[in-house]
Amino acid sequence: MSIRRIVPNIHVEAEEQWNTSRDFYGLLGFEEVMDMGWVTTLASPSNPTAQISLFTEERTAPVVPDLSVEVEDVDAVYDQVAASGAEIVREPRNEEWGVRRFFVRAPDGRVINVLTHLT
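Under an unreviewed UniProt entry, the name given to the chain is VOC family protein, and the source organism is Streptomyces salinarius.

This is how it looks when you write it as structure tokens:
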């Protein structure tokens, strides 16, 4: 199983908080690489896999995930996680922005977005 990157997801309650957070992470060197209106991803220009995402909401699932883990084969990871008995929060689905993903609840209660980019 190959992990490509891990991205912390930060839920921001209001537009003012989103702007303040985006500006703060900009001070640390992050630059915007994706903005879908409800989720914005910031990345390091020198290390594009060093990322953070700001969510105002989650439009295609029941909850904003705490963490995103990009893997090589999302379906293989899903099979392994489901077989373990872990709580699947959202079944695998292809998204219009080019990823296949599912959500699982970790033993600590956090929701993990497990995804792969479709080619």
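Read on for the rest.
**A word on the packing of aromatic side chains**
Per the counting criterion, the structure on display carries 5 aromatic pairs. Seen from their ring centres, Phe24 and Tyr25 are 5.2 Å apart, and the 80° between their planes marks the pair as edge-to-face. Taking the relative accessible area as the measure of exposure, Tyr25 reaches 17% and is therefore buried. Through pairs of rings, three or more aromatic residues link up here, namely Phe24, Tyr25 and Phe30. Between the NZ or CZ atom of Arg90 and the centre of the ring of Phe103, over which it lies, the distance is 5.8 Å.

**Focus: helix 2 (residues 74-84)**
Looking at helix 2, one finds that the buried residues are Val74, Val77, Tyr78 and Val81. One side of helix 2 carries all its buried residues, which in axial view fall inside an arc of 100°. Along helix 2, exposed side chains directed more than 90 degrees from the buried face belong to Asp79, Gln80 and Ala83. At its buried positions, helix 2 is contacted by strand 5 (67-71), strand 6 (88-94), strand 7 (99-105) and strand 8 (111-117). At the N-terminal boundary of helix 2, the capping side chain belongs to Asp73, with an oxygen 3.2 Å from the backbone nitrogen of Asp75. A positive phi of about 90° marks Gly85, the residue just after helix 2.

**A look at the pattern of salt bridges**
In the structure shown here, the tally under the stated rule is 11 salt bridges. Among the ionic pairs, Arg59 bridges to Glu57, the shortest N-O distance being 3.1 Å. Take Glu57: its relative accessible area is 34%, and that puts it in the partly exposed class. Note that Arg101 and Glu95 form a salt bridge whose closest N and O atoms lie 2.9 Å from each other. Judged on exposure class, the residue Arg101 and its partner Glu95 are both buried. Here the salt bridges share partners, and the residues they tie into one network are Glu58, Arg90, Arg93, Glu95 and Arg101.

What counts as what
Residues numbered from 1 in each chain as written. Predicted model: local features only at pLDDT ≥ 70, side-chain atom pairs only at ≥ 80, totals over all residues. Heavy atoms only, no water. Phe/Tyr/Trp six-rings, centres within 6.5 Å; stacked < 30°, edge-to-face > 60°. Buried < 20%, exposed > 50% of the residue type's maximum accessible area, 1.4 Å probe, protein only. Lys NZ or Arg CZ within 6 Å of the ring centre and 35° of its normal. Helix = DSSP H or I, 4+ residues; strand = E, 2+ residues; numbered from the N terminus. Arc of directions from axis to C-beta. Contact = heavy atoms within 4.5 Å. Polar contact = N/O pair within 3.5 Å; in protein donor to acceptor, adjacent residues only side chain to side chain. Salt bridge = Lys/Arg side-chain N within 4 Å of Asp/Glu carboxyl O.

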